[in-house]
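Each chain, letter by letter, is given below.
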Amino acid sequence: MSAHKIAVLGGDGIGPEVTSVALQVMRAAGASLDTTEYDLGGRRYLKTGEVLSDSVLEELRGYDAIMLGAIGTPEVAPGILERGLLLKLRFELDLYINQRPFVWPAKNIDMIVIRENTEGTYAGEGGFLRKGTPHEVATQGSVNTRMGVERCIRYAFDLARGRLRQHLTLVHKTNVLTFSGDLWQRTFNEVHGDYPDVATAYNHIDAACIYFVDSPTRYDIIVTDNLFGDILTDLGGAVSGGVGLASSGNLNPARTGPSLFEPVHGSAPDIVGTGKADPRAAIISGALLLDWIGESAAAARVQAAVDATLDPANGAPTGPTTAIGDWIAARV
Ligand code: IPM
Ligand code: MN
């Protein structure tokens with residue numbers, strides 16, 4: 001079999017450190033990867049003023065998958081890199097599912113958050129009126145299309161159907177967001193008709209935050225909108241071993257182009273080069289990538305080796321970054 005073509009966007013801060021360890025582990029697991037590195041992110045922007053050119057974007061469409069480290073540096077104002085690079089990739093490549101698993105055996109947590117990834121408040125609807133004056137107005141709308149909501153909910157039902165518990169929870173704020181919440185709830189109820197074998201529940205986002213802390217084992221699959229999903233998945237990481245373990249797949253399930261895999265954590269500029277970065281979130285993201293491109297056996301080996309680090313009896317190192325990577329790579 002020929003090598004899989006992978007674009008590697010290490011990005012800023014600890015991004016390059018954790019992605020190189022993740023690639024080392026993926027290769028050790030037997031995956032044949034033909035990688036091409038792209039220098040994108042804050043460092044590049046400060047040097048050249050360029051965030052993501054149309055020609056690079058077009059090139060990226062040609063890969064089998066994209067591996068991303070972290071984007072963002074304190075010297076660049078908020079929004080420039082997020083909107084210009086990460087969100088642009090999510091929107092342009094139609095990565096409409098953001099899949100974020102949380103597994104923490106010590107607390108019996110085994111859940112996956114399916115976050116809508118192309119709409120909501122992230123769509124960028126809104127603007128200023130009279131900016132900088134005492135009469136300034138700022139609006140920021142939430143865009144929810146029937147098509148976007150339905151394809152996300154269908155993906156979540158499909159995923160739930162294949163699980164042991166076959167349980168799906170919709171998280172929203174239907175008691176206040178009576179327009180978008182209504183569309184989500186109605187679509188959820190209608191799609192449920194096609195999946196009678198899946199049991200469902202509904203939680204408001206604020207209640208879900210309590211349940212994530214108090215009783216996370218109630219959850220199997222969760223589906224929610226872009227912003228709620230962003231917030232809830234940081235909490236998910238915090239209650240299941242820390243954000244150092246939180247991985248994600250930005251997926252294009254229609255497979256009209258590559259999907260993008262990245263740890264949930266940021267670039268952590270304060271610990272760059274110290275060896276303190278936990279590479280496991282990037283490594284699990286690598287396992288998600290392998291699974292997505294059809295290397296499910298290698299993916300399972302990577303996941304199992306990361307899981308082995310969670311049992312103190314196995315004596316896995318807790319640092320530095322490369323030692324954690326070497327330990328995992330030796331067990332795949
Ligand atoms: C995430 C991040 C991004 C988001 C930022 C960096 C734009 O927080 O992937 O969760 O809000 O989606
Ligand atoms: Mn986030």
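Conventions we followed
Per-chain numbering applies: the sequence of each chain, read as written, is numbered from 1 onward. Chains carry letters and ligands carry numbers; both start at the beginning, A for chains and 1 for ligands, and go up in the order they are written. For a predicted model such as this one, the threshold for reporting local features is a pLDDT of at least 70, and the threshold for listing and counting side-chain atom pairs is 80 or more; totals across whole chains, interfaces and linings nevertheless cover every residue. Excluding hydrogens and water, the side-chain figures rest on all heavy atoms present in the structure. At least two DSSP bridges between two strands are needed for those strands to be called paired. Only runs of H or I of at least four residues qualify as helices and only runs of E of at least two qualify as strands under DSSP, and these elements are numbered from the N terminus. For helices, the fitted line uses only the C-alpha atoms of the stretch in contact; every axis is such a line through C-alpha atoms, and the angle between N-to-C directions lies from 0 to 180 degrees. If a single non-hydrogen atom of a residue is within 4 Å of a molecule or strand, that residue counts as near it. Any pair of nitrogen or oxygen atoms within 3.5 Å is treated as a polar contact; in protein, a donor-acceptor pairing is required on top of that, and neighbouring residues in sequence qualify only through side-chain atoms on both sides. Under the convention used here, a 1.4 Å probe and the Shrake-Rupley method define accessible areas, while residue burial counts only the protein chains that appear. Only protein atoms enter the 1 Å grid used here. Points where a 1.4 Å probe fits but cannot escape make up a cavity, open sets with protein on both sides within 12 Å along at least five of seven lines make up a pocket, and a residue lines them when an atom lies within 4 Å of a point. Put plainly, a molecule is in a cavity or pocket when over half of its atoms are within 2 Å of the grid points there. In this count, Pro and Cys sit with the nonpolar residues alongside Ala, Val, Leu, Ile, Met, Phe, Trp and Tyr, while Asp, Glu, Lys and Arg are called charged and the others, Gly among them, polar. Only protein chains enter the accessibility calculation, which uses a 1.4 Å probe; a residue whose area is less than 20% of its type maximum is buried, one above 50% is exposed, and one in between is partly exposed. Two rings from Phe, Tyr or Trp (for Trp, the six-membered ring) form a pair when their centres sit within 6.5 Å of each other. Planes less than 30 degrees apart are called stacked, planes more than 60 degrees apart edge-to-face, and all others tilted.

(A) Looking closely at the sheet that holds strand β10 (residues 221–224). The strand order β2-β1-β3-β12-β11-β4-β5-β10-β8-β9 describes an open sheet built from 10 strands, whose pairing is mixed. Edge positions in the sheet fall to β2 (33–37) and β9 (199–204), since each has one partner strand and no second. Recorded for the sheet is a direction-independent mean angle of 25° between the axes of neighbouring strands. Of the pairings in the sheet, the one linking strand β3 (residues 65–70) to strand β12 (residues 259–263) comprises three bridges and is parallel in character. Within β12, the residue paired with Ile66 across the bridge is Leu260.

(B) Broad picture of the site of ligand 1. Glu82, Leu86, Arg90, Arg100, Arg115, Tyr122 and Asp230 make up every residue found near ligand 1. The side chain of Arg90 places a nitrogen or oxygen atom 2.7 Å from an oxygen atom of ligand 1. Burial of ligand 1 by the protein amounts to 76% of the accessible area it has alone, namely 320 Å². The cavity that encloses ligand 1 is the second largest pocket. Residue contributions to the shell around ligand 1 peak at three residues, all from helix α4 (residues 80–92). Each residue belonging to the shell around ligand 1 can be placed in one class, and the counts come to two nonpolar, no polar and five charged.

(C) Broad picture of unusual backbone geometry. Along the chain, Gly319 connects to Pro320 via a cis peptide bond; the corresponding omega equals -10°. Counting through the fold element by element, Pro320 comes out in the loop between α10 (296–308) and α11 (321–329). With phi around 40°, Ala268 is a residue other than glycine that occupies positive phi space. Of note, Ala268 is situated in the loop between β12 and α9 (280–292). On the accessibility criterion, Ala268 (23% relative accessible area) is partly exposed.

(D) Structural context of the packing of aromatic side chains. Applying the stated rule across the entire model yields four aromatic pairs. On the basis of an interplanar angle of 35° and a centroid distance of 5.2 Å, the ring pair of Phe157 and Phe188 is categorised as tilted. With a gap of 31 residues between them, Phe157 in helix α5 (residues 146–161) and Phe188 in helix α6 (residues 180–192) connect regions that are remote in the sequence. Its relative accessible area of 0% is what places Phe157 among the buried residues. Both rings, one in Phe157 and one in Tyr195, keep their centres 5.0 Å apart while their planes meet at 20°; by these two values the pair is stacked.

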